[in-house]
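# A structural walkthrough
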Amino acid sequence: MHQPLTPAALAELRRPRKYPAVSVLLPTHRRQPDNAQDSVRLRNLLEEAKNAVHNDPEVSRSDRIDVIGQLDQAMSEVDLVYAEDGLAIFAAPGEHQVWSLERSVPERVLLAQTFLTRNLVAAHAASRPYWVLALSADVATMWSGSRHQAPQPEKGPFPVRRPTVDFDPERQEQIGDTPSTFRDEDTRTYLREVTEAANAVLAADPRPLYVVGDVAALAALDEVGPLVKEAVARVSQGGLAGGPAEALGEAVRQADRERDEAQVAAVLADLDRARGRKAFAGGVDEVWQSVVERRAALVAIEDGFRATVRDDGEHLVPAGAAERGARDDIVDEIAEQALDTGARVHFVPDGTLEGSGHVAAVLRF
């Protein structure tokens, strides 16, 4: 339920499935008393999904039994004790997946040939994920973090361990917390392996990187490659290669806050320049049109902004949730469509874009 959202995972989720691909979305709550009814609402939604599958004449008997069983298995894997702001359950013949999200989602059941992923795409963008490389004398670890979650250890090529060697006390220098022959080839080989492993992770899932370690350890890593120079920040604190996650998150929190503030300032500056050259769009309708026409280069969205609209034939206009044709997650649609067209998407603090309809864009033309 807590696997990280990555570009590869999102790409896999978005591929077509055999009908019916069932999506069940539920806004959840982190704390009492708001979370008291989450389990009841989830059971009701899953019953609605199972009934929809059962009553759909396009679903064969074997697929009906399979998908209903997949939904039951998914339900058994949900642990609302660790709920965040949204829950997505996907089921199709032969598979099911459960995703916990750091962003609220509309309550919904949908049967289609693809899973409903726009809310996951927006949640991934809004979470502002980052990597943390934690280095010590004998081991390097990589951690996946985000704005609302403590970093979690990344597997794959990590951890990278330095081979045990016999030290010559007369030639010892210090790296991290334990003695090491800092200039010997074994140490340089270890640091080159760390660099290669980190580059592999970054190539598969590009994110801002924080490098954490003792001053001497970071200096040594800097000598063997560009990793430290290319990191968004280095944090000089040793003893964290093995965690704990909370301590590692605390170590990078200030640097991450400063990065967020710098990004918001840069986004606002881009929007101001766009106004000056008449390459600016503001509000749901204008931004949606620019995104659909592939004219948006940058889209900025307030963190908590939600809107329900309908298409009147020419524009998107405000609508009630119960109105025919109402689209209650148009903001997430904008984020997904913008990313699909190569635009940058940034979520900014609430109130930042109040004078621009809470969502704005810089246009390419």
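The notes below deal with the structure included here. (Residues numbered from 1 in each chain as written. Predicted model: local features only at pLDDT ≥ 70, side-chain atom pairs only at ≥ 80, totals over all residues. Heavy atoms only, no water.)

## Describing the overall build of the protein chain
- What the protein chain contains, in helices and strands, is 10 helices and 18 strands.
- Taking as baseline every contact in the protein chain between residues at least 6 positions apart, the subset at least 24 positions apart corresponds to 66%.
- Accessible surface, the protein chain as shown: approximately 17300 Å² in total, 49% of it carbon and sulfur.
- Looking at charge distribution, the protein chain has the averaged site of its 41 positive side-chain charges lying 3 Å from that of its 59 negative ones. (Helix = DSSP H or I, 4+ residues; strand = E, 2+ residues; numbered from the N terminus. Contact = heavy atoms within 4.5 Å. Areas by Shrake-Rupley, 256 points an atom, 1.4 Å probe, with all protein chains shown as cover. Lys, Arg positive; Asp, Glu negative; His and termini not counted. Charge placed at Lys NZ, Arg CZ, Asp CG, Glu CD.)

## A closer look at the packing of aromatic side chains
- Inspection of every chain in the model, using the stated rule, returns two aromatic pairs.
- Ring geometry for Phe 90 versus Phe 115: centroids 4.7 Å apart, planes at 20 degrees, classification stacked. Within this pair, whereas Phe 90 is found in strand S2 (residues 86-92), its partner Phe 115 is found in the loop between strand S4 (108-112) and helix H4 (118-126), the two being separated by 25 residues in sequence. As far as burial versus exposure is concerned, Phe 90 and Phe 115 are alike and both buried.
- Seen in terms of ring centroids, Tyr 130 and Tyr 210 are 5.3 Å apart; in terms of plane orientation they differ by 85 degrees. Their pairing is edge-to-face. Separated by 80 residues along the polypeptide, Tyr 130 in strand S5 (residues 130-135) and Tyr 210 in strand S11 (residues 209-213) bring together distant segments of the chain.
- Arg 207 extends its terminal NZ or CZ atom over the ring of Trp 131, reaching a point 3.9 Å from the ring centre. (Phe/Tyr/Trp six-rings, centres within 6.5 Å; stacked < 30°, edge-to-face > 60°. Buried < 20%, exposed > 50% of the residue type's maximum accessible area, 1.4 Å probe, protein only. Lys NZ or Arg CZ within 6 Å of the ring centre and 35° of its normal.)

## Quick word on the environment of Arg 257
- Structurally, Arg 257 is set in helix H8 (residues 245-276).
- Considering only alpha carbons, one finds Arg 257 and Phe 115, 142 residues apart in sequence, at a separation of 34 Å.

## Brief notes about the sheet that holds strand S18 (residues 359-363)
- With mixed pairing, four strands are arranged side by side in an open sheet as S13-S18-S14-S17. The open sheet has two edge strands, strand S13 (280-282) and strand S17 (344-348), and neither has a second partner. Averaged over all pairs of adjacent strands, the angle between their axes in this sheet comes to 15 degrees, without regard to strand direction.
- For S13 and S18, the ladder comprises three bridges, and the chain directions are antiparallel. Among the inter-strand pairings, Gly 282 is bridged to a residue of S18, identified as Ala 360. (Pairing = 2+ DSSP bridges. Axes fitted to C-alpha atoms, helices over the stretch in contact; angles between N-to-C directions.)

## Description of the pattern of salt bridges
- Here the structure, examined in full by the defined rule, presents 28 salt bridges.
- One salt bridge connects Asp 38 with Arg 41, and the closest N-O pair in it is separated by 2.9 Å. With Asp 38 and Arg 41 both in helix H2 (residues 38-55) and three residues apart, this pair spans about one turn of that helix.
- Residues Arg 108 and Asp 328 are paired through a salt bridge, measuring 2.2 Å at the closest nitrogen-oxygen approach. Here Asp 328 lies in the loop between strand S16 (316-318) and helix H10 (330-340) and Arg 108 lies in strand S4, a separation of 220 residues in the sequence.
- With a relative accessible area of 18%, Arg 108 lands in the buried category. (Salt bridge = Lys/Arg side-chain N within 4 Å of Asp/Glu carboxyl O.)

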